[in-house]
Amino acid sequence: MVVCVCNAIREREVRSAAREGAVSACQAYRALGMQPKCGQCVPFARAIIAEERAAA
């Protein structure tokens, strides 16, 4: 599933960044070499990161 249309970031990429230590959407995007643009995706990215942190 696409999380960020502006950057074409997929859910699996956000999950991977979270597993590697990203604790915020901005940190996950930076780890992927990108940054949020319009911001529509940030709440969804936060939820994904929270799920990964809870599972760890």
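It should be noted that the structure appears before, not after, this text.
About the criteria used
- Here, residues in each chain are numbered from 1, in the same order as that chain's written sequence.
- Whole-chain, interface and lining totals are the exception, using all residues; otherwise, since this is a predicted model, local features are given only for residues with pLDDT of at least 70 and side-chain atom pairs are given and counted only at 80 or more.
- Note: side-chain values were computed over all heavy atoms of the structure, leaving out hydrogens and water.
- Runs of E in the DSSP output that reach at least two residues are strands. Runs of H or I that reach at least four are helices, and both are numbered from the N terminus.
- Within these notes, the globule rule equals 2.2 Å times the number of residues to the 0.38 power, and the radius of gyration is based on C-alpha atoms.
- Take the buried Ala, Val, Leu, Ile, Met, Phe, Trp, Tyr and Cys residues and link them wherever side-chain atoms come within 4.5 Å; each set so joined is a nonpolar core.
- Exposed residues in this analysis have more than 50% of their type's maximum accessible area, buried residues have under 20%, and partly exposed residues fall in between, with area computed by a 1.4 Å probe over protein chains only.
- Should any heavy atoms of two residues lie within 4.5 Å, those residues are considered in contact.
- Under the convention used throughout, the expected extent of a helix is 1.5 Å for every residue step, that is, one less than its residue count.
- Salt bridges are counted wherever a side-chain nitrogen of Lys or Arg sits within 4 Å of a carboxyl oxygen of Asp or Glu.

Caption draft 1: Summary view of the overall build of the protein. Assigned secondary structure in the protein consists of three helices and two strands. Listing every helix and strand of the protein by position from the N terminus yields β-β-α-α-α. Relative to its length of 56 residues, the protein is compact, with a C-alpha radius of gyration of 10 Å against a globular reference of 10 Å. Across its three principal directions, the C-alpha atoms of the protein cover 30 × 20 × 15 Å.

Caption draft 2: Quick look at the nonpolar core. Val 3, Val 14, Ala 28, Tyr 29 and Ala 45 are the most contacted members of the largest nonpolar core, which has 15 residues in total. Only strand S1 (2-4), helix H1 (11-19), helix H2 (25-31) and helix H3 (42-55) provide two or more residues apiece to this core. Ignoring sequence-local partners within four residues, the contact set of Ala 45 consists of Val 3, Val 14, Ala 25 and Tyr 29.

Caption draft 3: Broad picture of H3. Between its first and last C-alpha, H3 extends 20 Å over 14 residues, near the 20 Å set by a 1.5 Å rise per residue. Looking at the buried residues of H3, the elements they touch are S1, H1 and H2.

Caption draft 4: Quick look at the environment of Arg 30. Among the secondary structure elements, Arg 30 is positioned in helix H2. Its relative accessible area of 57% is what places Arg 30 among the exposed residues. Separated by 13 residues in sequence, Arg 30 and Ala 17 have C-alpha atoms that sit 9.3 Å apart.

Caption draft 5: Geometry of the pattern of salt bridges. Under the criterion given, the structure shown has four salt bridges. Taking the shortest distance from any N to any O, the salt bridge between Glu 51 and Arg 15 comes out at 2.7 Å. Of this pair, Glu 51 sits in helix H3 while Arg 15 sits in helix H1; the two residues are 36 residues apart in sequence, bridging distant segments of the chain. By relative accessible area, which is 16% here, Arg 15 ends up buried. The closest approach of N and O atoms between Glu 52 and Arg 15, which form a salt bridge, is 2.8 Å. Residue Glu 52 is found in helix H3, and its partner Arg 15 is found in helix H1; the two are separated by 37 residues along the sequence.

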